[in-house]
Amino acid sequence: MDIQKVEKKWQNKWAKEGIFKVKAEPKKKKFYCLEMFPYPSGKLHMGHMRNYSIGDCIARFKRMQGYNVLYPMGYDAFGLPAENAAILQGIKPRDWTFKCMKDMEEQERNIGFSYDWSRKIATCTPEYYKWNQWIFIKMYEKGLVYKGKAPVNWCPGCNTVLANEQVENGKCWRCKSLVTQEMLEQWFIKITDYTEELLKDLKLLENKWPERVLIMQKNWIGKSKGTIINFKIKNTNKTISTFTTRPDTIFGITYLVMAPEHPLVAELVNGTKHEAEVKKFIEEVKHESMLERESLNKDKKGIFIGCYIINPANGEECPVYIADYAVMGYGTGAVMAVPAHDQRDFEFAKKHELPMKIVITPKGKKLKSEDLKEAYTEPGVLVNSGKFNNLDNEKAKSLITKWLQTEKFGKATIQYKLRDWLISRQRYWGTPIPFINCEKCGTVPVPLNELPVKLPDDVKFGKGNPLETSKEYASVKCPKCRGKAKRETDTMDTFFDSSWYYLRYCSPEYDKAPFDLEKVKYWMPVDQYIGGIEHAVLHLLYSRFFTKFLRDIGLLKFDEPFSKLLAQGMILKGGIKMSKSIGNIIEPREITEKYGADTARLFILSAALPEKEMEWNDKGVEASYKFIKKLNTMGEDLGSVKEISMKKLSNKEKNVAGKVHKTIRDVTKSIEDYEFNVAISSITILVNNLSRKAEEVSREVYNYAFNKILLLLAPFTPHACEELWEKTGNKGFISTAKWPDFDKELIDEKADVFEDVLEKTCKDINNVIKLTGKEPEKINLYVSNAWKYELADVIRKADISKVKEIIKESMKKPKIKQNGNEAMKIIQAISKDMSKLVPVKITQKDEYEFFKESEEYLKKMFNCEVQIIKAEESNDNKARSALPGKPGIKIE
């Protein structure tokens with residue numbers, strides 16, 4: 001079989017017949033399968049290959065089960081790399097992006113993913129980003145969009161704001177300039193209006209999303225119940241407020257820390273001897289990223305600013321510092337410092353020689369501050385805390401908060417780590433923010449009927465915001481007063497584009513709204529979403545927020561966009577994540593050109609569970625290739641057989657048919673549980689079994705079994721299965737054939753067990769022959785004592801971890817009790833190694849008759865006399881050691 005020729009043949013046939021195109025059919029059950037769409041870099045990597053192989057397997061399986069499957073593909077096409085190409089290669093971002101999309105689509109088509117390509121979207125097209133702008137204006141109308149000043153990571157080299165993740169060791173990831181912290185006016189979306197609902201609705205996703213993703217979202221939202229405490233600044237009429245979850249430690253405050261950006265700092269040092277030094281420190285902190293500043297492992301820098309606060313709990317004066325670890329983004333921008341009971345404060349106090357005061361101790365034990373090697377953060381009782389002494393510290397939290405409220409020094413409150421979404425980007429290749437700045441009317445949205453605001457072509461790339469270099473773009477008339485005005489030149493964060501694209505797939509050509517409400521009502525929510533764990537927080541959180549907002553303006557009728565989430569694991573090579581810098585990258589194209597797309601897919605899906613890390617293995621790829629070649633050989637000169645009459649079959653043929661139906665059952669469940677490697681293993685076992693028994697069954701039974709194997713393999717190796725399906729005389733595409741049903745009446749679990757027992761017994765005999773070094777004249781097989789089968793049944797029904805209970809239950813059986821010591825040894829052995837236990841109930845009679853039927857087979861195999869003996873009929877030690885499913889072996 002010419003692999004590339006066959007794969008291209010079927011890809012062309014699928015495309016010509018449009019078998020993966022779908023439309024909403026209200027009377028048909030739907031399944032929406034979606035992978036996180038890629039940024040079009042131009043090359044597929046193995047992470048893409050794994051992601052899409054998982055999704056395609058699920059989509060093909062559901063399609064064969066009769067579902068109306070929506071399985072689309074598109075491109076998250078805005079982003080900085082296109083601007084880099086413009087700068088470095090002199091190519092327009094649009095041209096670079098469309099070339100990359102074309103290359104990626106070609107690669108995806110060549111692998112044979114069953115996408116409905118008629119629904120392809122690209123977020124960089126005006127037809128798409130028009131609706132980004134429409135949604136943004138709708139958010140503005142609902143009071144969710146505003147402009148405000150905020151500290152941002154600023155790259156002076158690129159003249160743009162950077163995300164925390166784009167700052168590497170204090171430098172811009174792109175141009176390596178030192179990054180500073182600047183206060184800039186930016187566009188924000190008030191995602192915080194939905195904070196509580198975003199947190200509460202995580203419960204709807206329990207057991208549907210990976211637990212670690214739910215935890216990451218919960219931590220990112222960061223709900224904290226705590227206390228606001230107001231501290232008077234000595235010799236002024238001003239106060240500083242702090243938020244704390246530890247009001248029980250208020251008597252232990254020895255200093256207070258403010259964020260360098262805190263608006264009070266400049267006022268407090270103005271005209272003092274500390275002013276110059278404080279300003280210098282603030283400039284230094286500007287070169288630290290937020291990630292560095294908030295890192296628990298980083299050395300904490302700070303400086304005294306020359307003033308003191310008064311602790312409302314005890315009247316003590318405490319110095320005020322500014323420190324890099326205090327930030328305006330969480331709480332109030334000021335932190336009360338209790339070094340004896342907070343590790344970060346402890347380290348700062350040690351460095352700056354600040355005092356420590358113990359206010360919580362373990363029950364019945366005294367602590368001394370001079371003896372502390374680290375902060376004491378465990379529960380305990382209050383000391384040095386006035387009237388709150390001897391209280392349990394947890395109980396003291398609420399009592400101290402109530403006291404502060406009564407005395408008007410503070411109040412109970414709830415804080416969240418989640419901040420409003422800063423979406424401004426000073427870049428070209430993104431969605432233009434659809435607003436106009438007018439000196440008379442202020443900031444005015446572009447009228448909806450004038451959307452989209454399109455990106456201009458007459459821009460220059462290099463430094464600063466390219467949109468500001470366009471002569472035509474910026475100068476406009478105000479929509480309200482028709483006077484001279486300036487168009488907004490910021491573009492949107494690309495996370496905006498990807499927060500609703502799954503809705504656009506439902507009606508990609510619709511031009512009256514972001515999506516057709518009736519189509520979305522049929523297809524949404526997404527039944528299975530698949531992507532990397534790196535998107536666990538931002539993309540998924542923003543998508544959840546968009547869904548809730550669009551629901552609130554009447555466009556959606558559901559609360560969550562993705563019913564189930566699968567976060568696939570990374571691909572490793574040599575135990576290390578594949579990376580260009582390490583040089584261990586393997587391109588999908590290398591594998592598909594040498595072995596074919598089916599081989600690559602089969603290996604990827606067989607190597608590990610989808611959520612686990614997967615080790616790349618060249619031998620595993622070879623094995624997958626050989627398996628497909630073996631299938632091709634087995635499929636020569638076969639015909640199509642849909643069903644067979646069981647009444648006409650021999651026992652061996654019934655056994656083969658039973659194995660087929662057992663495999664259908666097991667593979668169906670494994671795919672439904674996304675245990676693709678287990679499913680492939682089950683199919684492989686059936687293929688090998690059928691290959692061995694090819695001469696023992698009729699051609700009709702062989703054809704029947706082989707055709708069922710093709711159906712089971714179709715989601716994994718669709719090209720090879722289509723070719724063999726056609727060769728065996730079947731009509732239509734296997735990709736749209738009905739998934740096989742299993743008949744539980746045909747499944748003989750005992751037959752399968754005994755086949756395994758026979759195989760293992762033959763291996764054991766061979767091992768004994770090797771040990772003795774001589775050819776056998778006679779083999780005695782001792783079938784285990786009858787009471788041991790009774791014991792095996794008791795163990796099988798019990799919790800294997802509860803050995804004592806099993807022994808107690810076993811001793812209720814008289815025959816087992818007669819052999820008590822031996823029975824206890826068997827129970828202990830099986831509890832340590834479950835492989836010693838036969839998986840289904842069998843009796844001594846079952847096993848004896850099976851080996852009697854296999855006597856002739858064994859005689860031929862070992863070319864000697866074989867005798868089957870019940871253990872009760874012999875005093876030989878080998879008879880006594882026999883277990884159910886593991887006969888004793890004696891060779892003479």
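Residues numbered from 1 in each chain as written. Predicted model: local features only at pLDDT ≥ 70, side-chain atom pairs only at ≥ 80, totals over all residues. Heavy atoms only, no water.

1. Topic: the overall build of the chain
Here is the rule we go by: Runs of H or I in DSSP of at least four residues are treated as helices and runs of E of at least two as strands, each being numbered from the N terminus. Note on classification: 1.4 Å probe, protein chains only; a residue is buried when its accessible area is under 20% of the maximum for its type, exposed when over 50%, partly exposed between these limits. The contact definition used throughout considers only heavy atoms, calling two residues in contact when any of these lie within 4.5 Å. In this tally, Lys and Arg are treated as positive and Asp and Glu as negative; His is ignored, and so are the chain termini. Note that the charge is assigned to NZ on lysines, CZ on arginines, CG on aspartates and CD on glutamates.
For the chain, the helix and strand inventory stands at 30 helices and 31 strands. Projected onto its principal axes, the C-alpha coordinates of the chain cover approximately 110 × 75 × 50 Å. The 892 residues of the chain split such that 54% are buried. Counting only contacts in the chain whose residues sit at least 6 apart along the sequence, the fraction spanning at least 24 positions is 75%. Counting 147 positive and 124 negative side-chain charges, the chain places the centres of these two groups 2 Å from one another.

2. Quick look at the nonpolar core
Where a protein is soluble and globular, its nonpolar side chains tend to be buried together. Keep this limit in mind: Put simply, a nonpolar core is a bunch of buried Ala, Val, Leu, Ile, Met, Phe, Trp, Tyr and Cys residues held in one set by side-chain atoms that sit within 4.5 Å of each other.
If you look at the biggest cluster of nonpolar residues, it comprises 166 residues, and the most contacted ones within it are Trp616 and Phe716. In terms of residue count, the dominant contributor to this core is helix H21 (residues 699–713) (ten residues). For Phe716, the residues in contact, after removing those within four places along its chain, are Cys57, Asp598, Arg601, Leu602, Leu605, Ile671, Phe676, Ala679, Ile680 and Ile683. Ile229, Phe231, Leu268 and Ile305 belong to the second-largest nonpolar core, a separate cluster that totals 37 residues.

3. Quick notes on the packing of helix H1 (residues 3–17) against helix H22 (residues 718–727)
Using the following cut-off: Axes, fitted as lines to C-alpha atoms, cover a helix only where it is in contact. Angles between the N-to-C directions of the axes lie from 0 to 180 degrees. Between 65 and 115 degrees an angle is taken as roughly perpendicular, under 35 as roughly parallel, over 145 as roughly antiparallel, and anywhere else as oblique. Residues are grouped as follows: Ala, Val, Leu, Ile, Met, Phe, Trp, Tyr, Cys and Pro are nonpolar; Asp, Glu, Lys and Arg are charged; every other residue, Gly included, is polar.
Packing of H1 against H22 leaves a shortest axis separation of 9 Å and a crossing angle of 85 degrees. The angle between H1 and H22 places the two elements in the roughly perpendicular class. Between H1, through Val6, Glu7, Lys9, Trp10, Gln11, Lys13 and Trp14, and H22, the contact on the second element is made entirely by Pro718, His719, Glu722, Glu723 and Glu726. Each residue belonging to the contact of H1 with H22 can be placed in one class, and the counts come to four nonpolar, two polar and six charged.

4. Concerning the pairing of strand S19 (residues 435–438)
We apply this condition: In this analysis, strands are considered paired if DSSP registers two or more bridges between them.
Two elements, S19 and strand S20 (residues 442–445), share four bridges in a ladder whose sense is antiparallel. Paired with Phe435 across the bridge in S20 is Pro445. Between the end of S19 and the start of S20, which pair antiparallel, lie three residues. Pairing of S19 with strand S22 (residues 484–487) involves two bridges; the strand directions are antiparallel. Paired with Asn437 across the strands is Lys486, a residue of S22.

5. Observations regarding the sheet that holds strand S7 (residues 180–189)
With respect to topology, four strands assemble into an open sheet ordered S4-S3-S7-S17, the strand pairing being antiparallel. Each edge of the sheet is formed by a strand with only one pairing partner; in this case those strands are strand S4 (160–162) and strand S17 (421–422). Alignment of S7 against S17, held across two bridges, turns out to be antiparallel. Looking at the pairing, Phe188 lines up with Leu422 of S17.

6. Examining the state of the cysteines
A covalent bond between the sulfur atoms of two cysteines is what we call a disulfide. Cut-off, in case you're wondering: Two cysteine sulfur atoms make up a disulfide if the distance between them is within 2.5 Å.
The tally for this structure, following the rule as stated, stands at zero disulfides. Free cysteine Cys33: the closest other cysteine sulfur is in Cys57, separated by 9.5 Å. Left without a disulfide partner, Cys124 is nearest to the cysteine sulfur of Cys100, which lies 11 Å away.

7. Thoughts on the pairing of S22
Side-chain positions along a regular strand alternate between the two faces of the sheet. Alternating positions in S22 separate cleanly, Ala485 and Arg487 being buried on one face and Lys484 and Lys486 remaining unburied on the opposite face. Both strand S21 (residues 475–477) and S22 contribute to a ladder of three bridges, which runs antiparallel. Along S22, the bridge assignment pairs Ser475 with Lys486.

8. Details of unusual backbone geometry
A cis amide bond, omega 5 degrees, links Leu451 with the succeeding residue Pro452. The residue after Met524, namely Pro525, is reached through a cis peptide bond having omega -5 degrees. Take Pro525: it is sitting in the loop between helix H14 (517–523) and strand S24 (528–532). Positive phi, normally seen in glycine, also occurs at Glu353, with a value near 55 degrees. By the secondary structure assignment, Glu353 is in the loop between helix H11 (343–352) and strand S14 (360–361).

9. Things to note about helix H23 (residues 749–772)
Selection criterion: By definition here, a helix of n residues has an expected span of 1.5 Å times n minus one. A 3.5 Å cut-off defines polar contacts: any pair of N or O atoms within that distance qualifies, except that in protein one atom must be a possible hydrogen donor and the other a possible acceptor, and neighbouring residues in sequence count only when both atoms are side-chain atoms.
Taking 1.5 Å of rise per residue, 24 residues should cover 34 Å, and H23 covers 35 Å from first to last C-alpha, within 8% of that figure. For H23, the complete set of buried residues consists of Ala751, Asp752, Val753, Phe754, Glu755, Val757, Leu758, Thr761, Cys762, Ile765 and Ile769. Tucked into the core, H23 has its buried residues touching helix H19 (651–672), helix H20 (676–692), strand S29 (778–783), helix H28 (844–853), helix H29 (855–862) and strand S31 (888–891). Of the residues that open H23, the one with a side-chain oxygen 3.2 Å from the backbone nitrogen of Lys750 is Asp748. The positive-phi residue at the C-terminal boundary of H23 is Gly773, with phi of around 70 degrees.

10. Here we look at the sheet that holds strand S26 (residues 571–573)
Spatially, S27-S26-S28 is the arrangement adopted by the three strands of the open sheet, whose pairing is mixed. One side of each edge strand has no neighbouring strand; the edge strands of this open sheet are strand S27 (576–577) and strand S28 (614–615). Where S26 lies against S27, two bridges are found, and the strand directions are antiparallel. If you follow Leu572 over to S27, its bridge partner there is Lys577.

11. Re the packing of aromatic side chains
Ring pairs (aromatic) are described by centroid distance and by the angle formed between their planes. Note the cut-off: Stacked, tilted and edge-to-face are the three classes assigned to paired rings of Phe, Tyr and Trp, where Trp is represented by its six-membered ring and a pair needs centres within 6.5 Å; plane angles under 30 degrees give stacked, over 60 edge-to-face, the rest tilted. Only when the NZ of Lys or the CZ of Arg is both within 6 Å of the ring centre and within 35 degrees of the ring normal is a charge said to sit over the ring.
Inspection of the entire model under this criterion finds 48 aromatic pairs. Through successive ring pairs, a cluster of aromatic residues spans Phe136, Tyr140, Trp187, Tyr194, Trp421, Phe435, Phe495, Phe496, Tyr542, Phe545 and Phe546. Just above the ring of Tyr473 sits the side chain of Arg487; from NZ or CZ to the centre is 5.3 Å.

12. A word on the environment of Ser498
Its location among the elements puts Ser498 in the loop between strand S23 (491–492) and helix H13 (501–504). Sequence separation between Ser498 and Leu540 is 42 residues, and the spatial gap between their C-alpha atoms is 9.4 Å. In this view, Ser498 contacts Phe37, Asp76, His539 and Ser543; residues no more than four positions away in its chain are not counted.

13. Concerning the pattern of salt bridges
This is how it is decided: Note on definitions: salt bridges are taken to be side-chain nitrogens of Lys or Arg within 4 Å of carboxyl oxygens of Asp or Glu.
Under the defined criterion, the tally for this structure stands at 54 salt bridges. Between Asp103 and Lys99 there is a salt bridge, with the nearest N and O atoms lying 3.1 Å from each other. Here Asp103 pairs with Lys99, and both are found in helix H4 (residues 93–111), just four residues apart, close to one helical turn. Overall, the relative accessible area of 23% leaves Asp103 in the partly exposed class. Where Glu755 meets Lys659, a salt bridge forms, and the shortest distance between an N and an O atom there is 3.7 Å. Note that Glu755 is positioned in helix H23 and Lys659 in helix H19, a separation of 96 residues in sequence.

14. Re the packing of H23 against H28
To keep things clear, this is the line we draw: Take the far helix as the reference: if the near one is turned anticlockwise from it by less than a right angle, the crossing is left-handed, and if turned clockwise, right-handed.
The interhelical angle for the contact between H23 and H28, taken along N-to-C directions, is 60 degrees, at an axis separation of 11 Å. Considering their axes alone, H23 and H28 lie oblique with respect to each other. In this structure, H23 crosses over H28, and the sense of that crossing is right-handed. Between H23 and H28, the residues in contact are Lys750, Phe754, Glu755, Val757, Leu758 and Thr761 and Asp846, Glu847, Phe850 and Phe851, respectively. Residue classes in the contact of H23 with H28 are distributed as five nonpolar, one polar and four charged.

15. Some points on the side chain of Ser670
Along the polypeptide, Ser670 turns up in helix H19. The class for Ser670 is buried, based on a relative accessible area of 7%. Once residues within four sequence positions are removed from consideration, Ser670 is found in contact with Glu675, Phe676, Val678 and Ala679.

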